[in-house]
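Close look at the chain arrangement
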Amino acid sequence: MTTTTTGTRSTAKGATGTAHTRVEGRDKVTGAARYAGEIPFADLAHGWLVVSTVARGRIRSIDTAPVLAQPGVLAVLHHENAPRVETDYVGMLGVPDPTCAVFQHDRVPHLGWPVALVVAETSEQAREAAETLVVHYEQESHDVEFSSARPDAYPADGYMPAVAEKGDLEAELVASDAIVDEEYTTPEEHHGMMEPHAATALWDGGRLEVVDSNQGATWVVGELAKMFSLDPASVRVRSEHVGGGFGSKGVRAHQVAAVMAATVLHRPVRVVMTRRQMFSLTGYRSPTAQRVRLGADADGRLRALEHRSLNLTSTVHEFIESAAGPARVMYDADAHHTANRVVRLDVPTPTYMRAPGEAPGSFALESALDELAEKCGLDPIELRLRNEPERGPVSGLPFSSRNLPACFREGARRFGWADRDPRPGLRREGRWLLGTGTAAASFGAGAGPSTAVATAEPDGTFTVRIAAADIGTGARTALTLIAADALEVSPDRVRVRIGDSDFGPAMIAGGSMGTRSWGWAVMTAATELRGRLALGADIPPEGITVRSDTTAAVGALARKERHSFGAQFAEVAVDVTTGEVRVRRMLGIFAAGRIVNPLTARSQLIGGMIWGISMALHEEAIRDRATGGLYGADLAGYHVATHADVPFVEADWVDDPDPDDPVGIKGIGEIGIVGAAAAVANAVWHATGVRHRNLPIRPDRVLQALPREPHA
Ligand code: MOS
């Protein structure tokens, strides 16, 4: 059978752009799909992490003897006996980060820091023993207090320059007709993905194998190889099904501890984190304190824009939540000043979390724009349209495309924005005050180098291999559709295998760049394979295989401002008796490149918007000053939006194919959350007449701010 029969060709056109259920959906709902903590291994031992109960200090001693005598216990690893690792390596993200180099010293940098790993024959034995392990600390006083007034805050770069300034800010503010000068805060927020971090490590004939749940097998190979001083070719990482990541599933303490234990014990060792451990060991979004100053002419044109953001980080690693970043893309002004600053505290290291920078930054900036619209007496959409920049406000580069106005026009039409009375606090339905709000969204559209392998099998099917990660996004399905179209066959003849570092280096599922980067490599390999088959070669038993590598093509992309854009709309009802805010409906219209699979893309965007509701109204991890730990570090204490909180949410898009991408993709993983919380907060103002600049908008905050109801 050849692969280019006319019948197949005619039915196979255009798999991309039409809705497809997930190719692994049946495996997932029947339980056939196995997650990292469930995959069986012969001779498996189980490691249980023991974490510090003090927020700062030194380990004086660890009483290992009683624990080693407990049933099934095989080893207790700690700073005095664990294998040494390289702590100053530079990871895939370009910065040295010793956060996960555990058991290397006696310092305790925060509460919940790993101080030991107890390994036993069963998970239950390991847990039992770990809970009885006595660790003696020399405790020191700690400092976990985050506030905008910290004198020890300093500007720091992260993945963008800390400071960007042009023009005379004070002069432009003085010359402005309308001014906004406010502080906005967002709390510590957690990823809270369903599947906990879990890894099994083993040595197989001199090769390190790790079965894991991560956002990029190539990434984890690279970091483990550097940490353990191994040739990357002698490390294999597999991660087939992943129950959510959101930025938190890179290299973490569990993989490192599992590799150490497998090395010491010469047998496979699994380490699974508890939910409570995840709250201190897998990163989180730092709280932010942001000051925004805007100055505009009477017609709404911005003369001055200042956005300064402060976040916290640990004493171990400097992580920057670049919340001042969106202002460098969204709006220009004669004077334009942005800065990201950080303060180091005795807390766990924060990390990337869905739309890092953009999610909290858009809350402040897009709230401030709404406040400016009110002061200028302008419709908030009109204000934004009047400030559409021609070029990147800071970079001066042209935009690859910028379809924000189209998103607002389509969104306004579908949401019914034209009928809106802009005055706040006027609409009432029983005890509910009603309001609507809007906000803009943007997120970077990039690509990373990837390799893919496409094989034409003798039975007429195709196998594509790529070290992609499907963290719930539908990436595997999208890649199947892209390959099918490139091969001009129907998707059911294409099998896409992912999550194995042996398939060659590939981009991570991060920065909204996963499917875009992998799609490029898959398209390239599949297109070349189709070309070879068109020459009419017989397919040998081992098949015909083509490899692609997009390093050169991705590297040749011209420097431009490359972003997705979006317009968020929310309608809320505020209960004046309880202070409860209910979102009644939400609409997001996005310009986010070509949409490969409308079914899973809509789900991605809606998921981000729901997280925006959650961010606006519910999520908040509260650190206890006395202990330095979190209150309620679990999914009971950390409230996320659930079914009853989520109304009718609609996501759609305007036509926006990226001309510089072979498939037209820009990436949709993160933009759904951007601006969503601001749209809700702006709607709460429209309902009540009260601005909420501190998230979440809790009932107590709403009640406290509402004018007292006259007695009936
Ligand atoms: Mo994302 S925060 O780049 O996984």
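Residues numbered from 1 in each chain as written. Predicted model: local features only at pLDDT ≥ 70, side-chain atom pairs only at ≥ 80, totals over all residues. Heavy atoms only, no water.

Moving on, we come to the overall build of the chain. Regarding its fold elements, the chain presents 18 helices and 25 strands. The globule rule puts the C-alpha radius of gyration for 712 residues at 27 Å, and the 26 Å found for the chain is close to it. Residues counted as buried form 61% of the 712 residues belonging to the chain. Sequence separation of at least 24 residues holds for 82% of the intrachain contacts in the chain that already meet a minimum separation of 6. Taken as a whole, the chain presents about 26,500 Å² of accessible surface, with 52% of it coming from carbon and sulfur. Taking the 72 positively charged and 89 negatively charged side chains of the chain as two groups, their mean positions are separated by 2 Å. (Helix = DSSP H or I, 4+ residues; strand = E, 2+ residues; numbered from the N terminus. Rg over C-alpha atoms; globule rule 2.2 N^0.38 Å. Buried < 20%, exposed > 50% of the residue type's maximum accessible area, 1.4 Å probe, protein only. Contact = heavy atoms within 4.5 Å. Areas by Shrake-Rupley, 256 points an atom, 1.4 Å probe, with all protein chains shown as cover. Lys, Arg positive; Asp, Glu negative; His and termini not counted. Charge placed at Lys NZ, Arg CZ, Asp CG, Glu CD.)

We now examine helix H4 (residues 123–132). Within the sequence span of H4, burial applies to Ala-126, Ala-129 and Ala-130. All buried residues of H4 project into a common sector of 100° when viewed along the axis, lining one side. H4 presents Glu-124, Glu-128 and Glu-131 as exposed residues on the side facing more than 90 degrees away from its buried surface. Residues of H4 that are buried make contact with strand E1 (45–51), helix H3 (64–68), strand E3 (73–78) and strand E5 (114–120). (Arc of directions from axis to C-beta.)

Quick look at the sheet that holds strand E25 (residues 648–653) now. Read across the sheet, five strands follow the order E17-E18-E23-E24-E25 without closing on themselves; strand pairing throughout is mixed. Bordering the open sheet on either side are strand E17 (427–429) and E25, each of which pairs with just one other strand. On average, each strand axis in the sheet is tilted by 25° relative to the strand beside it, whichever way the strands run. Here six bridges tie strand E24 (residues 581–591) to E25, and the two strands are oriented parallel to one another. Paired with Gly-588 across the strands is Ala-651, a residue of E25. Running at roughly 30° to strand E23 (residues 563–575), helix H12 (residues 404–415) makes contact with strand E18 (432–444), E23, E24 and E25 of the sheet. Packed on one face of the sheet, helix H16 (residues 598–617) meets E23, E24 and E25 and runs near 130° to E25. (Pairing = 2+ DSSP bridges. Axes fitted to C-alpha atoms, helices over the stretch in contact; angles between N-to-C directions.)

Evaluated as defined, the whole model comprises six cavities of 30 Å³ or more. By volume, the second largest cavity is sized at about 80 Å³. Looking at the second largest cavity, it is lined by 13 residues, and the ones nearest its centre are Thr-99, His-110, Arg-252, Ser-280 and Leu-281. (1 Å grid on protein atoms, 1.4 Å probe; cavity = no way out; pocket = protein on both sides within 12 Å on 5 of 7 lines; lining within 4 Å. Points joined across faces, edges and corners; volume = space filled by probe spheres on them.)

Counted as a void, the second largest pocket has a volume near 490 Å³. Forming the boundary of the second largest pocket are 21 residues, of which Val-144, Phe-146, Pro-287, Ala-621 and Arg-623 lie nearest the centre. Contributing elements (two or more residues each) for the lining of the second largest pocket: strand E9 (178–186) and strand E14 (288–296).

So, about the packing of aromatic side chains. Considering all chains together, one arrives at ten aromatic pairs under this definition. With 5.9 Å between their ring centres and 35° between their planes, Tyr-159 and Tyr-352 make a pair best called tilted. Note that Tyr-159 is positioned in the loop between strand E7 (154–155) and strand E8 (163–166) and Tyr-352 in the loop between strand E16 (335–344) and helix H10 (358–376), a separation of 193 residues in sequence. Relative accessible area serves as the criterion here: at 40%, Tyr-159 is assigned to the partly exposed category. When the ring of Phe-246 is compared with that of Trp-611, the centres are 4.9 Å apart and the planes differ by 75°; the resulting orientation is edge-to-face. Taken together, the residues span a long stretch of sequence, with Phe-246 in the loop between strand E12 (235–238) and helix H7 (253–265) and Trp-611 in helix H16 at a distance of 365 residues. Taking the relative accessible area as the measure of exposure, Phe-246 reaches 29% and is therefore partly exposed. For Trp-611, a relative accessible area of 9% corresponds to the buried category. Pairwise contacts between aromatic rings join Phe-408, Phe-415, Trp-417 and Phe-569 into one cluster. (Phe/Tyr/Trp six-rings, centres within 6.5 Å; stacked < 30°, edge-to-face > 60°.)

Another aspect to go through is the sheet that holds E1. One open sheet holds the seven strands; their spatial order is E3-E5-E1-E13-E10-E11-E12, and the pairing between them is mixed. Taken across any chain shown, the strands that pair with only one partner, and hence form the sheet edges, are E3 and E12. Each strand axis lies, on average, 20° off the axis of its neighbour in the sheet, ignoring direction. Bridge count between E1 and E5: six bridges; the pairing is antiparallel. Among the inter-strand pairings, Trp-48 is bridged to a residue of E5, identified as Val-118. Of the strands in this sheet, E1, E3 and E5 are in contact with H4, which crosses E1 at around 25°. Here helix H6 (residues 217–227) sits on the sheet in contact with strand E11 (207–212) and E12, set at roughly 145° to E12.

All right, on to the pattern of salt bridges then. One pass over the structure, following the stated rule, counts 57 salt bridges. Note that Arg-303 and Glu-172 form a salt bridge whose closest N and O atoms lie 2.9 Å from each other. With Arg-303 in strand E15 (residues 302–313) and Glu-172 in helix H5 (residues 169–174), the pair connects residues that are 131 residues apart, well separated along the chain. The class of Glu-172 is buried, set by a relative accessible area of 17%. With its nearest N and O atoms 2.8 Å apart, the salt bridge here joins Glu-580 to Arg-582. Through salt bridges with shared partners, one network takes in Arg-207, Glu-209, Arg-236, Arg-238, Asp-500 and Asp-502. (Salt bridge = Lys/Arg side-chain N within 4 Å of Asp/Glu carboxyl O.)

What follows deals with the pairing of E5. Counted residue by residue, E5 has seven buried out of seven residues, so it is predominantly covered. Where E3 meets E5, five bridges bridge the pair, whose relative direction is antiparallel. Within E5, the position partnered with Val-76 by the bridge is Val-118.

Once that is clear, we can look at the nonpolar core. Ranked by size, the top nonpolar core spans 83 residues in total, and within it Leu-294, Leu-372, Phe-569, Val-572 and Val-680 carry the most contacts. Lining this core are residues from two domains, each supplying at least three of them: domain 2 (149–184 + 290–317 + 324–353 + 363–378) and domain 3 (397–447 + 557–712). Residue contacts for Leu-294: discarding those within four places in its chain leaves Leu-173, Ala-178, Ile-179, Val-180, Leu-302, Ala-304, Leu-305, Ala-368, Leu-369 and Leu-372. By size, the runner-up hydrophobic cluster in this structure holds 43 residues, among which are Ala-467, Ile-508, Ala-525 and Ile-539. (Core = buried A, V, L, I, M, F, W, Y, C linked by side-chain atoms within 4.5 Å. Domains from an automatic or database assignment.)

The next subject is the domain arrangement of the chain. Size of an interface: often given as the accessible area lost when the parts come together. Along its sequence, the chain is carved into domain 1 (37–141 + 192–281), domain 2 (149–184 + 290–317 + 324–353 + 363–378), domain 3 (397–447 + 557–712) and domain 4 (448–554). Put simply, the middle of domain 3 and the middle of domain 4, counted by C-alpha atoms, are 35 Å apart. With 21 residues of domain 3 in contact, the opposing surface of domain 4 contributes 20 residues. For the pair domain 3 and domain 4, the summed buried surface comes to about 1,600 Å²; carbon and sulfur atoms form 59% of the total. Taken together, domain 3 and domain 4 are joined by two salt bridges. Its salt-bridge partner being Arg-516, residue Asp-661 comes within 2.5 Å of it at the nearest N-O pair. Taken together, domain 3 and domain 4 are joined by six residue pairs in polar contact (both at pLDDT 80 or more). (Buried area = accessible area lost by both parts, 1.4 Å probe. Polar contact = N/O pair within 3.5 Å; in protein donor to acceptor, adjacent residues only side chain to side chain.)

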